Each structure stands twice: as structure tokens, then as C-alpha cells.
Amino acid sequence: MNAKYSIVIPAYNEQESIPLFIEAVTPIMQNLNEEYEVIFVNDGSRDNTLNVLKNFANKDRHIKYVSFARNFGQQAAIFCGLAHSSGDAVIIMDVDLQDPVEVIPLMIEKWKDGYEIVHGKRTKRNGENFFKKFTSAMYLKFLQSISGLKIPKNVGEFKLLDRKVVDVINAMPEHERFLRGLTSWVGFKQTEVEFERKARKAGETKYTLKKMLKYAGNGIVSYSTWPLTLAMKSGLLFGFLSVACFITFIVLACCKIFLPLTAWLFPTVALFFSWMLIITGFNNIYLRRTYEETRNRPRYIISETKNFEKN
Ligand code: UDP
Ligand code: MG
């Protein structure tokens with residue numbers, strides 16, 4: 001079988017990493033002796049990323065890029081790369097060589113064995129601090145328990161997807177997509193390839209705390225409506241507690257013990273108000289999502305592309 005492979009790489013301010021990545025990935029792909037394309041999605045970088053990509057794309061037709069008009073985030077960049085890919089199998093990875101290129105042929109082997117999704121599983125995560133590893137493990141547990149999704153452990157964005165899976169994902173109508181959730185949700189024959197995650201080769205992480213929180217929030221709102229049930233659950237709980245309070249007051253009054261009611265008033269009222277606000281907050285998250293989805297805005301805006309058949 002002569003197959004074609006696509007590699008999809010989101011890149012945000014990665015001028016130092018791109019040359020290293022291309023240097024590492026090119027011999028690996030050439031050794032396969034099959035067709036391939038390397039698609040970079042420049043996610044509105046403010047450094048020299050676009051020019052670096054232009055230079056490489058001019059020299060090598062395998063190197064293609066799509067460039068965003070501004071920073072739309074890693075997920076948007078990945079989905080844009082998938083939409084532009086034409087390979088029979090598509091490999092998604094970071095540009096910083098944290099995902100080793102040597103794993104690509106191993107993933108392809110599994111794909112040739114008939115697997116439609118091959119996850120890269122990290123056995124070690126070098127260059128990541130305890131806080132990041134701990135919070136991401138806790139987050140995954142929480143997301144699994146409230147969504148019912150089986151998201152494999154220690155698996156990130158590094159994975160191979162069969163054309164069938166890519167077509168399904170490309171056809172999804174929703175705007176805010178979360179790759180790790182989607183690839184579990186779609187099903188298909190899945191397996192894992194283990195690797196040691198290295199520290200970044202160049203540059204710094206582009207994931208600020210703000211971006212991480214947005215990513216985590218997205219996963220929850222995309223795959224669970226559990227927060228919506230909080231209103232009913234807490235409403236029942238507080239109803240029960242207040243009835244219990246009334247009964248206690250009446251029993252105490254029967255025993256001629258009178259509590260100063262004013263002492264109870266302030267915390268009770270404050271508690272109820274804070275709950276109302278939290279619940280309204282949750283409702284608003286979903287309201288906002290509905291609003292954004294119905295607005296049907298594009299998920300990203302492309303300013304230019306290079307080396308694709310269309311141009
Ligand atoms: N990235 C992106 N847009 C962003 C942030 C990151 O395209 O807004 C890219 C980045 O260039 C890299 C990948 O997403 O190729 C993963 O980012 P990073 O390596 O900074 O994350 P980490 O590995 O530290 O979680
Ligand atoms: Mg990285």
C-alpha cells in the first residue's frame with residue numbers, strides 16, 4: 001500500500017523551534033518512502049515564525065503552511081490543519097520536539113495494523129513542573145467522572161488519526177472543539193504508543209495559566225452538562241437544611257431554649273445569595289456557549305496559505 005501522511009503542527013511564536021523540527025522530521029518521513037506533507041499552522045505569531053515558514057516552504061514542496069490573521073489558540077490551529085490535510089493518516093504534534101519524531105514510524109506501524117486512532121502516551125514528562133502534572137491529572141479525573149468519557153491517561157495532543165476519523169471530525173458542526181475529548185467520543189479502533197516526553201528543544205511554553213484554564217473549561221462545557229444539575233441539587237440540599245433548621249428551632253422553643261434569630265439571619269442570607277450567584281454563573285456559561293454556537297462565526301480566519309494544491 002502506498003499511503004500519504006500528513007503532519008499537522010500548530011505553531012505560535014516558534015521561530016527557533018521550526019528549523020529544528022523540520023531538520024528532525026524530514027529524514028524520518030523520507031525514510032518511509034511514501035508520500036507526505038508537513039502542515040504548519042501559524043497561530044498569529046508575533047515573532048518571525050511566518051518568514052521562517054515561508055523560507056522553508058519555498059525550498060521544499062512538502063512543507064506547507066496556513067497562517068492565521070491573529071492568535072486563535074492551539075485547538076483552532078489543530079482543527080484548521082486537519083481541514084487542510086489530505087493524507088490517509090494524519091499525525092498531530094507540537095513543534096518543540098517534546099513529542100519525539102522517532103515515534104511517528106511506530107504510530108504508522110500501528111495504523112498499518114488496522115488501528116484508526118493511535119495515541120502517543122507519555123511514560124515520562126520531562127521539563128514539566130509538578131503543578132502542571134498534578135493539575136492536569138486531577139482535571140482529567142474530574143472531567144471523566146462528570147462526562148462519562150474514557151480519556152486515556154497521560155495522552156495529549158500527539159496522535160495519529162486515520163482519514164476516516166479526520167473526515168468525521170472535520171464534519172462536526174460545533175465551534176469550540178476539544179481534541180482529547182473528541183477523539184475519545186468518536187470511537188473507532190484505538191491504541192497507544194508509549195514514549196518519553198522530552199523537555200522543549202527551544203523557546204518557552206506558549207501555554208500561559210490563562211490559556212490552560214480556558215482549555216480546561218472548554219473540555220468541561222463541551223462534554224458535560226453536570227454543572228447545570230447543580231442548581232437542582234443545591235436547591236434540594238438547602239431546602240432540606242432550612243426545614244431541618246425550622247424543626248430544630250421549634251423543638252428548642254418547646255424546651256424553652258430561645259436562640260437570638262438575628263444572629264442567624266446574616267450568614268443565612270449571605271449563603272443563599274452566594275449560591276444564587278454561583279448557579280446563575282453556571283447558567284450563563286451555557287447561555288454564552290449557545291449564543292456563540294448559534295452565531296456561527298468562523299472558528300479561525302486565514303490570511304495566507306502556501307504549497308496546497310488549491311493555490
Ligand atoms: N500553540 C499554538 N497557539 C497557542 C499556544 C500554543 O499554536 O496559542 C502551539 C505551540 O506553538 C506548540 C503547541 O501549541 O506547538 C503546544 O504548546 P506548548 O509547547 O507551548 O505547550 P506545552 O507543551 O508546554 O503544554
Ligand atoms: Mg510543548
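Please read these numbers as outputs of a predicted model, since none were measured by experiment.

(A) Structural view of the overall build of the protein. Assigned secondary structure in the protein consists of 10 helices and 8 strands. The principal-axis extents of the C-alpha atoms in the protein amount to approximately 90 × 40 × 35 Å. In the protein, 84% of the contacts between residues at least 6 apart in sequence involve partners at least 24 apart. Charge separation in the protein, taken as the distance between the mean sites of 41 positive and 31 negative side-chain charges, equals 8 Å.

(B) Representation of the site of ligand 1 within the structure. The full set close to ligand 1 counts 19 residues, and Glu14, Asp43, Thr205, Lys206 and Lys211 are the nearest of them. Between ligand 1 and the protein, one listed contact pairs an oxygen atom with a side-chain N or O atom of lysine 132 at 2.8 Å. Within the side chain of arginine 200, an N or O atom sits 2.8 Å from an oxygen atom of ligand 1. The protein chains hide 95% of the 530 Å² of surface that ligand 1 would expose on its own. Looking at the shell around ligand 1 residue by residue, the classes come out as 5 nonpolar, 5 polar and 9 charged.

(C) How the structure looks around the packing of aromatic side chains. On inspection of all chains with the given rule, the structure shows 6 aromatic pairs. Look at phenylalanine 130 and phenylalanine 134: their rings are 5.6 Å apart centre to centre, the planes differ by 15°, and that puts the pair in the stacked class. Linking phenylalanine 130 with phenylalanine 134, this pair stays in helix H5 (residues 130–147), spanning 4 residues, or about one helical turn. Assessed through its relative accessible area of 45%, phenylalanine 134 is described here as partly exposed. The ring of phenylalanine 72 has arginine 70 sitting right over it, with the charged end atom 3.8 Å from the ring centre.

(D) Representation of the coordination of the magnesium ion (ligand 2) within the structure. Every protein donor of the magnesium ion (ligand 2) is listed here as Asp96 (OD) and Gln98 (OE1), and their distances to the metal cover 2.0 Å. Side by side, aspartate 96 and glutamine 98 carry an identical accessibility label, which is buried.

(E) Quick peek at the side chain of aspartate 96. As for its position among the elements, aspartate 96 is in the loop between strand S4 (89–92) and helix H4 (103–112). With a relative accessible area of 2%, aspartate 96 lands in the buried category. Of the polar contacts made by the side chain of aspartate 96, one reaches the backbone nitrogen of glutamine 98; its length is 3.0 Å. Setting aside anything within four residues of it in sequence, one finds aspartate 96 in contact with Ser17, Arg200 and Lys201.

(F) A look at the pattern of salt bridges. A complete count under the given rule lists 12 salt bridges for this structure. In this structure, lysine 198 and glutamate 102 form a salt bridge, with 3.9 Å as the shortest nitrogen-oxygen distance. Taken together, the residues lysine 198 in the loop between strand S7 (190–197) and helix H8 (209–223) and glutamate 102 in the loop between S4 and H4 connect sequence positions 96 residues apart. What you see here is one network of salt bridges that share partners, running through Lys4, Glu37 and Lys64.

(G) Seen up close, the nonpolar core. Judged by nonpolar contacts, the single largest core of 36 residues is most densely connected at Ile7, Ile18, Phe21, Val38, Phe40, Met93 and Ile104. It is helix H1 (residues 17–31) that contributes the most residues to this core, 6 residues altogether. Formed by 26 residues, the second largest nonpolar core is a distinct cluster that contains Val8, Leu82, Phe178 and Tyr215.

(H) Seen up close, H1. The terminal C-alpha atoms of H1 lie 22 Å apart, and with 15 residues this matches the ideal 21 Å at 1.5 Å per residue to within 8%. Those residues of H1 that sit buried are Ser17, Ile18, Phe21, Ile22, Val25, Thr26, Ile28 and Met29. Looking at the packing, one finds that the buried side of H1 touches strand S1 (4–11), strand S2 (35–42), helix H2 (49–59), strand S3 (63–68) and H4. Where H1 terminates, the next one or two residues include asparagine 33, which has phi positive at roughly 60°.

(I) Expanded view of H8. Over its 15 residues, H8 runs 21 Å from end to end, which matches the ideal 21 Å to within 8%, given 1.5 Å per residue. For H8, the complete set of buried residues consists of Tyr215, Ala216, Asn218, Gly219, Ile220, Val221 and Tyr223.

(J) Structural view of unusual backbone geometry. You will see that asparagine 13, though not glycine, has its phi angle at about 50°, which is positive. Structurally, asparagine 13 is set in the loop between S1 and H1. Positive phi, normally seen in glycine, also occurs at asparagine 154, with a value near 55°.

(K) Examining the pairing of S3 more closely. Of all 6 residues making up S3, 6 are buried, and the element is well covered by its neighbours. Two elements, S2 and S3, share 5 bridges in a ladder whose sense is parallel. Among the inter-strand pairings, asparagine 42 is bridged to a residue of S3, identified as serine 67. For the crossover that starts at S2, traverses H2 and ends in the parallel S3, the hand is right-handed.

Definitions and limits used
Throughout, a residue's number is its position along its own chain's written sequence, starting from 1. Numbering of ligands from 1 and lettering of chains from A proceed in the order in which they are written. The predicted origin of the model limits local features to residues at a pLDDT of at least 70 and limits the giving and counting of side-chain atom pairs to 80 or more, whereas totals for whole chains, interfaces and linings rest on all residues. The basis for the side-chain values is all heavy atoms of the structure; hydrogens and waters are excluded. Put simply, DSSP H or I for four residues or longer makes a helix, DSSP E for two residues or longer makes a strand, and each gets a number counted from the N terminus. Here a residue-residue contact requires only that any non-hydrogen atoms of the pair lie within 4.5 Å. Under the counting rule used here, the positive set is Lys and Arg, the negative set is Asp and Glu, and His together with the chain ends is not counted. Where a charge sits is defined by one atom per residue type, namely NZ (Lys), CZ (Arg), CG (Asp) or CD (Glu). Any residue with a heavy atom positioned within 4 Å of a molecule or strand is treated as near that molecule or strand. Within 3.5 Å is the distance limit for a polar contact, defined as a pair of N or O atoms, with the added protein rule that one can donate a hydrogen and the other accept it, and that residues adjacent in sequence qualify only through two side-chain atoms. Surface accessibility in these figures is a Shrake-Rupley result with a 1.4 Å probe; residues are shielded only by whichever protein chains are displayed. All residues other than Ala, Val, Leu, Ile, Met, Phe, Trp, Tyr, Cys, Pro, Asp, Glu, Lys and Arg, Gly among them, are scored as polar; the first ten of these are nonpolar and the last four charged. Only the six-membered ring of Trp is used, alongside the rings of Phe and Tyr, when aromatic pairs are assigned; centres must lie within 6.5 Å, and planes under 30 degrees apart are stacked while those over 60 apart are edge-to-face, with the rest tilted. The classification of residues rests on relative accessible area computed with a 1.4 Å probe and restricted to protein chains. Under 20% of the type maximum is buried, over 50% is exposed, and intermediate values are partly exposed. Our definition puts a charge over a ring when NZ of Lys or CZ of Arg is within 6 Å of the ring centre and also within 35 degrees of the ring normal. Metal donors were taken as nitrogen, oxygen and sulfur atoms no farther than 2.8 Å from the ion, or 3.2 Å where the ion is Na, K or Ca. Water is excluded, so coordination may look unfinished. In the sections that follow, a salt bridge refers to a side-chain nitrogen of Lys or Arg positioned within 4 Å of a carboxyl oxygen of Asp or Glu. Note on terminology: a nonpolar core comprises buried Ala, Val, Leu, Ile, Met, Phe, Trp, Tyr and Cys residues joined through side-chain atoms within 4.5 Å. In this scheme, a helix's expected span is set at 1.5 Å multiplied by one less than its residue total. A pair of strands is considered paired only if DSSP assigns at least 2 bridges between the two. When the strands point away from the viewer, a crossover counts as right-handed if the path from the first strand over the helix to the second runs clockwise.

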